[in-house]
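These are the residues of each chain, in order.
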Amino acid sequence: MATTIASTVPARPRRRLVASPGAWLIWAAVAFFLINLFGVVGSVLVSSFGTRWFGTWLPEGFTASWYSAAWQEFGLFNVVSVTLRISLLVVVISVLIGVPAAYVLARRTFPGKKIIYLAFLLPILMPPITYGIPLATVLYKFGFAGHTSGVVMANLVPSVPFVILTMTPFIEQINPSIESAARMCGAGVRALFLRVLGPLLVPGMLAAAILVLVRTVGMFELTFLTAGPDSQTLVVVLYYSMSAAGIRAQQSVDAMAVIYTSTMLVLLVIALRFVNPTQLVARAKETPEP
C-alpha cells in the first residue's frame, strides 16, 4: 500500500539556477573584484609574517618579529596615542557643535535653510583634497597647522556636517509634543535637553560619534596636509614609512599596514554592531506620545 501511494505522488522537479547573461556578467565582475581584494590583503598579511619571499608562492619561513620591529621602529605607541587623542577630540567637538545645530535645523523653519543644508553637504560630497589645500594654507598662516589643534580643526570641517546630517532626521522623528509637555510642566531649556531629549538622542549621538571616529581615523588628506612631526596619525605615518628614502624591510611596512587595517576593521565592526540607521529611526518612531 505504501509503495502504491509513493508511486502516485509526483516527484518534485529539481530547481535549476537560471540567470540572464547580464546577471552572470555582474556576478563574475563581483567575484573577480573580491578575488583581487583578498589576494592583495592576503599577500600583505603573509608578507608581514614572512622571513624572506622572493619568487616563490610562500615565504621561506614565518616569524612574528616584524610586528615588534615595526612597533619599535615607527614608535607606534606614540602614533596610536596621537591618533586616539585627535579622533576623540574631533568626536567630542563635532557632537557638541553638531547636535544643537541639528536640533535648530530640525525644529526651526527660516529663509535659506536649504542653502545651509547644501553647504553642509559640500564638505562630505567633495574630495577632501579640493578644499584641504586652501584650508591648510589658512591654518598655516595663523599658526595652527603642524600641531594637534590644526589637525583637529581640519577634520572638524567634514565631521561637524556629518553629525548634523546624521542627527537631523533622527530629531525630526521625535514628536514635538513631548517637548511641549515638558515645557508645560515647568522644564527649562537645560532640563529639556538633559532629562527629556537627552535620553532620546543618545542612540543617534552614539551613531554619529562612532561614524565620525571611523572617518577621522581613516582620514588621510586633511591630516596629511596639516599634521606636524608630533601630530601624525596612523595612516599618515604608514604613508611616510612607504615613501621614505633609505633601506627598510618591506615586512615591517606590511606589519604596520596590517595593524592599521586591523584597527579600521575593529572600528567598522563596532560601528556595524551598535549603529544601525533603520533601528535608530524605528526607536524614534516608537517614542510614546504624552
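Residues numbered from 1 in each chain as written. Predicted model: local features only at pLDDT ≥ 70, side-chain atom pairs only at ≥ 80, totals over all residues. Heavy atoms only, no water.

1. So, the confidence of the model for the protein chain
Here the protein chain averages 81 in pLDDT, and 86% of its residues register 70 or above. Note that pLDDT drops below 50 for residues 279-290; the model gives that stretch 16 contacts with residues more than four away or on any other chain. (pLDDT = per-residue confidence, 0-100. Contact = heavy atoms within 4.5 Å.)

2. Here we look at the nonpolar core
If you look at the biggest cluster of nonpolar residues, it comprises 55 residues, and the most contacted ones within it are Phe-74, Leu-76, Met-167, Ile-171, Leu-201 and Met-256. For this core, the secondary-structure elements that each account for two or more residues are helix H3 (65-73), helix H4 (76-107), helix H7 (148-172), helix H8 (176-184), helix H9 (189-218), helix H11 (234-243) and helix H12 (250-274). Counting residues per element, this core draws most heavily on H4, at 12 residues. The contact partners of Met-256, leaving out residues within four places of it in the chain, are Ala-70, Phe-74, Leu-76, Leu-234, Val-237, Leu-238 and Ser-241. (Core = buried A, V, L, I, M, F, W, Y, C linked by side-chain atoms within 4.5 Å. Buried < 20%, exposed > 50% of the residue type's maximum accessible area, 1.4 Å probe, protein only. Helix = DSSP H or I, 4+ residues; strand = E, 2+ residues; numbered from the N terminus.)

3. Some points on H9
Taking 1.5 Å as the rise per residue, H9 with 30 residues should run 44 Å; its terminal C-alpha atoms sit only 37 Å apart, a clear shortfall. The sharpest bend along H9 measures roughly 65° and falls at Gly-198, with the proline Pro-199 sitting one to four residues further on. (Expected span 1.5 Å × (residues − 1). Bend = angle between axes of the 7 residues up to and from the residue.)

4. Notes on the packing of aromatic side chains
This model, assessed by the stated rule, comprises six aromatic pairs. Ring geometry for Phe-49 against Tyr-67: centres 5.0 Å apart, planes inclined by 45°, an arrangement best described as tilted. Residue Phe-49 is located in helix H2 (residues 21-49), and its partner Tyr-67 is located in helix H3; the two are separated by 18 residues in the primary sequence. An aromatic cluster is built from Phe-220, Phe-224, Tyr-239 and Tyr-240, whose rings are joined through pairwise contacts. (Phe/Tyr/Trp six-rings, centres within 6.5 Å; stacked < 30°, edge-to-face > 60°.)

5. Looking at the packing of H7 against H9
Two quantities define a packed helix pair, namely the angle between the axes and the distance from one axis to the other. The contact between H7 and H9 brings their axes to 10 Å, and the two run at 150°. Relative to H9, the element H7 is oriented roughly antiparallel. The hand of the H7/H9 crossing is right-handed. For the pair H7 and H9, contact is made by Asn-155, Pro-158, Ser-159, Phe-162, Val-163, Thr-166, Met-167, Phe-170 and Ile-171 and by Leu-200, Leu-201, Pro-203, Gly-204, Met-205, Ala-208, Leu-211, Val-212, Arg-215 and Thr-216, respectively. Among the residues making up the contact of H7 with H9, the classes are represented as 13 nonpolar, five polar and one charged. (Axes fitted to C-alpha atoms, helices over the stretch in contact; angles between N-to-C directions. Parallel < 35°, antiparallel > 145°, perpendicular 65-115°, else oblique. Left-handed = near helix turned anticlockwise from the far one by under 90°. Nonpolar A, V, L, I, M, F, W, Y, C, P; charged D, E, K, R; others polar.)

6. Quick word on a nonpolar patch on the surface
Where nonpolar side chains cluster on the molecular surface, the patch consists of Ile-26, Trp-27, Val-30, Phe-33, Leu-34, Leu-37, Phe-38 and Val-41 and spans about 850 Å² of accessible area. Within the element layout of this structure, Val-30 appears in helix H2. Classification of Val-30 as partly exposed rests on a relative accessible area of 38%. (Patch = residues over 30% accessible without salt bridge, like charges linked within 9 Å, V, L, I, M, F, W, Y side chains within 5 Å. Areas by Shrake-Rupley, 256 points an atom, 1.4 Å probe, with all protein chains shown as cover. Salt bridge = Lys/Arg side-chain N within 4 Å of Asp/Glu carboxyl O.)

7. Notes on the packing of H4 against H9
Running from N to C, H4 and H9 point in directions that differ by 135°, and their axes come no closer than 9 Å. The angle between H4 and H9 falls in the class oblique. Like other packed secondary-structure pairs, H4 and H9 cross with a definite hand, here right-handed. Here Thr-83, Ser-87, Val-90, Val-91, Ser-94, Val-95, Val-99 and Tyr-103 of H4 lie close against H9, whose contacting residues are Phe-193, Leu-197, Leu-201, Met-205, Ala-209, Val-212, Leu-213, Thr-216 and Val-217. Its residues assigned to classes, the contact of H4 with H9 shows 13 nonpolar, four polar and no charged.

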